[in-house]
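These are the residues of each chain, in order.
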Amino acid sequence: MIKSISIIEGDGIGPEVIKQTIKVLNSIAKKYGHKFHYKNLLAGSKAIEKFGDPMPEETINHCLKADAVLFGCIGDPKYDHNPKGMRPEDGLLKLRKKMNLYCNIRPISIFPKLDKSPIKKELLNNVDFIIYRELTGGVYFGEKGRYKNGDKAYDHCIYSKKEIEKIGEKAFKAALFRKKKVTLVDKANVLETSRLWREVIKKISLDYPSIDLDFLYIDNASMQIIMNPKKFDIILTDNMFGDILSEESSVLTSSLGLLPSASIGDDKSMFEPIHGSYPQAEGKNIANPLGCILSGSMMLEYFGMYREKNLLEEAVKDSIEKEICTPDIIDSKLSSTTEEVGDYIKKYIIHQ
Ligand code: IPM
């Protein structure tokens, strides 16, 4: 297969984790006779510096035409006080919206070898759930502003039935191939948008009689994810709650640096690790590339390259088993560099 992939390295450790991911994807392409055509594009702080815009039109246009986008990470404290629309994060939000990537899929599973989670080991066995986070609506995209000379601020949270239906369908379909359970996480005891979510999701569930649907308030869900994480299969939730719950869930896995994600629309897609730009680690060759590499594996699955995805994930598991790991997930005296982890995975793929 021939695929065009837009690459946005972004800020901080972005270029380092993307470099390892491309190395690994190239070894997959070579082994299976695919051609991946990459196009490097600017976004975030580098785009602010060059074009005065965190998400230039040129980047958006290329991403819209590509078969998929691979995204590193974004954010630079230098621009934290930029005006509305001009922060690096605003660029990412704009791209998600322009590509209509309304469904963000964040799998949470455990590598038994790792023990950096502060949660008791016995609670972690067989934890395997996926967060379906709505990505282009809610409080992130509602009108926001200041009034009373800046003394008061507001962020509107708005959802339409249509927006909830679209991600709801995807979540139920995914549950059919898993443990057949969807948990809707919301704050329906307080928020009207949450009550609309319940209404719409209950209706969708009628078309999926084999799926168990249950409801949890976000406050309770935050506790259950730590106390009883095995109980979850698919967590379906809105933009803001999904952002927070996925970061909380990363604590179960040993490191935020391990977690991948796929952002899917009707016909567009972007793949990005969950972690941020981690500026303190930039250029030190210590960043964990696995979140980005596993996002690459989600991209292979999206392309229908199932054997390729399986081999890549087997290589990642093997690197962890053999303790070829960055210092966030292993004793730092024994750790490997970002580059060494990428090299090991590449070699494993080539030699299989
Ligand atoms: C994420 C990030 C982003 C978000 C930021 C960088 C805007 O935290 O992808 O989880 O909040 O969606």
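Residues numbered from 1 in each chain as written. Predicted model: local features only at pLDDT ≥ 70, side-chain atom pairs only at ≥ 80, totals over all residues.

Quick word on the overall build of the chain
Phase 1 of the analysis: Looking only at helices and strands, the chain features 12 helices and 12 strands.
Phase 2 of the analysis: A compact globule built from 352 residues should have a C-alpha radius of gyration of about 20 Å, and the chain, at 20 Å, falls within 12% of that.
Phase 3 of the analysis: Taken along the three principal axes of its C-alpha coordinates, the chain extends 55 × 50 × 40 Å.
Phase 4 of the analysis: Looking at the 352 residues of the chain, the share that counts as buried comes to 46%.
Phase 5 of the analysis: In the chain, the share of contacts with a sequence separation of at least 24, taken over all contacts with a separation of at least 6, comes to 75%. (Helix = DSSP H or I, 4+ residues; strand = E, 2+ residues; numbered from the N terminus. Rg over C-alpha atoms; globule rule 2.2 N^0.38 Å. Buried ≥ 20, exposed ≤ 12 C-beta atoms within 10 Å, placed from the backbone. Contact = placed C-beta atoms within 7 Å.)

Details of the packing of helix α1 (residues 14-32) against helix α12 (residues 338-351)
For any two helices packed against each other, one specifies the crossing angle of their axes together with the interaxial distance.
Phase 1 of the analysis: For the pair α1 and α12, interaxial distance at closest approach is 9 Å and the crossing angle is 10°. With respect to their mutual orientation, α1 and α12 come out roughly parallel. Across the interface between the two elements, E16, V17, Q20, K23, V24, S27, I28 and K31 of α1 pack against T338, E339, V341, G342, I345, K346, I349 and I350 of α12.
Phase 2 of the analysis: Partitioned by chemical class, the residues of the contact of α1 with α12 number seven nonpolar, four polar and five charged. (Axes fitted to C-alpha atoms, helices over the stretch in contact; angles between N-to-C directions. Parallel < 35°, antiparallel > 145°, perpendicular 65-115°, else oblique. Nonpolar A, V, L, I, M, F, W, Y, C, P; charged D, E, K, R; others polar.)

Things to note about the site of the ligand
Phase 1 of the analysis: The full set of residues close to the ligand is I74, G75, E89, L92, L93, D243 and I274.
Phase 2 of the analysis: Broken down by element, the shell around the ligand gets its largest block of residues, three residues, from helix α4 (residues 88-98).
Phase 3 of the analysis: Looking at the shell around the ligand, its residues break down into four nonpolar, one polar and two charged. (Near = placed C-beta within 6 Å.)

Some details on unusual backbone geometry
Phase 1 of the analysis: The backbone of S254 sits at a positive phi, close to 100°, despite the residue not being glycine.
Phase 2 of the analysis: Topologically, S254 is positioned in the loop between α9 (239-253) and β11 (262-264).
Phase 3 of the analysis: At E323, a position not held by glycine, the phi torsion is positive, near 60°.
Phase 4 of the analysis: Summarising the element assignment, E323 is placed in the loop between α11 (306-321) and α12.

A look at α4
Phase 1 of the analysis: Buried residues of α4: P88, D90, G91, L92, L95 and R96, and no others.
Phase 2 of the analysis: Against the buried residues of α4 lie α2 (45-51), α3 (57-65) and β11.
Phase 3 of the analysis: Where α4 ends, the next residue or the one after it, N100, has phi of about 55°, a positive value.

Observations concerning the environment of M299
Phase 1 of the analysis: Residue placement: M299 occurs in helix α10 (residues 290-302).
Phase 2 of the analysis: Taking the C-alpha atoms as reference points, M299 and S261, 38 residues apart in sequence, are found 9.4 Å from one another.
Phase 3 of the analysis: In this structure, M299 is in contact with A68, L70 and F271, ignoring residues within four places of it in sequence.

Here we look at the domain arrangement of the chain
Bring the parts together and some accessible area is lost; that lost area is often taken as the interface size.
Phase 1 of the analysis: Taken domain by domain, the chain holds domain 1 (1-102 + 258-352) and domain 2 (117-253).
Phase 2 of the analysis: Averaged C-alpha coordinates put domain 1 and domain 2 at centres separated by 24 Å.
Phase 3 of the analysis: Contacts between domain 1 and domain 2 engage 10 residues on the former and 11 residues on the latter.
Phase 4 of the analysis: Here the element with the most residues in the side of domain 1 that touches domain 2 is α4; it accounts for three residues.
Phase 5 of the analysis: Across the side of domain 1 that touches domain 2, the residue classes tally to six nonpolar, two polar and two charged. (Domains from an automatic or database assignment.)

Structural notes on the UniProt feature "domain: Isopropylmalate dehydrogenase-like" (unreviewed entry) in the chain
Phase 1 of the analysis: Here, the residues flagged by UniProt with the feature "domain: Isopropylmalate dehydrogenase-like" (unreviewed entry) are residues 4-345.
Phase 2 of the analysis: With 42% helix and 19% strand, residues 4-345 has end C-alpha atoms that lie 23 Å from one another. (UniProt positions renumbered as here; feature names shortened; annotations may be inferred.)

A short note on the sheet that holds strand β12 (residues 269-271)
Phase 1 of the analysis: Pairing is mixed across the open sheet formed by 10 strands, whose spatial order is β2-β1-β3-β12-β11-β4-β5-β10-β8-β9. Looking at the sheet topology across the chains shown, the edges are occupied by β2 (35-41) and β9 (212-217). On average, adjacent strands in this sheet sit at an angle of 25° to one another, irrespective of strand direction.
Phase 2 of the analysis: For β11 and β12, the ladder comprises three bridges, and the chain directions are antiparallel. Note that in β12 the partner of A262 across the bridge is F271.
Phase 3 of the analysis: Strand contacts of helix α6 (residues 161-176): β4 (103-109), β5 (128-134), β8 (181-186) and β10 (234-237), with the helix running at about 165° to β5, the strand carrying the most contacts. (Pairing = 2+ DSSP bridges.)

As for the nonpolar core
Phase 1 of the analysis: Counting residues in each nonpolar core, the largest one holds 92 residues, and the members touching the most others are Y132, V182, I234 and I235.
Phase 2 of the analysis: Looking at which element gives the most residues to this core, the answer is α10, with seven residues.
Phase 3 of the analysis: The residue makeup of this core includes at least three contributed by each of domain 1 (1-102 + 258-352) and domain 2 (117-253).
Phase 4 of the analysis: Sequence-distant contacts of Y132, defined by excluding residues within four places in its chain, comprise C103, I105, I167, K170, A171, I234, I235 and L236. (Core = buried A, V, L, I, M, F, W, Y, C linked by C-beta atoms within 7 Å.)

A few points about helix α8 (residues 218-227)
Phase 1 of the analysis: All of the buried residues in α8 are I218, A221 and I225. Around the axis of α8, the buried residues are gathered within 50° of arc, so they sit on the same side. Facing away from the buried side of α8, by more than 90 degrees, are the exposed residues D219, N220 and M227.
Phase 2 of the analysis: Contact partners of the buried residues in α8: β8, β9 and α9. (Arc of directions from axis to C-beta.)

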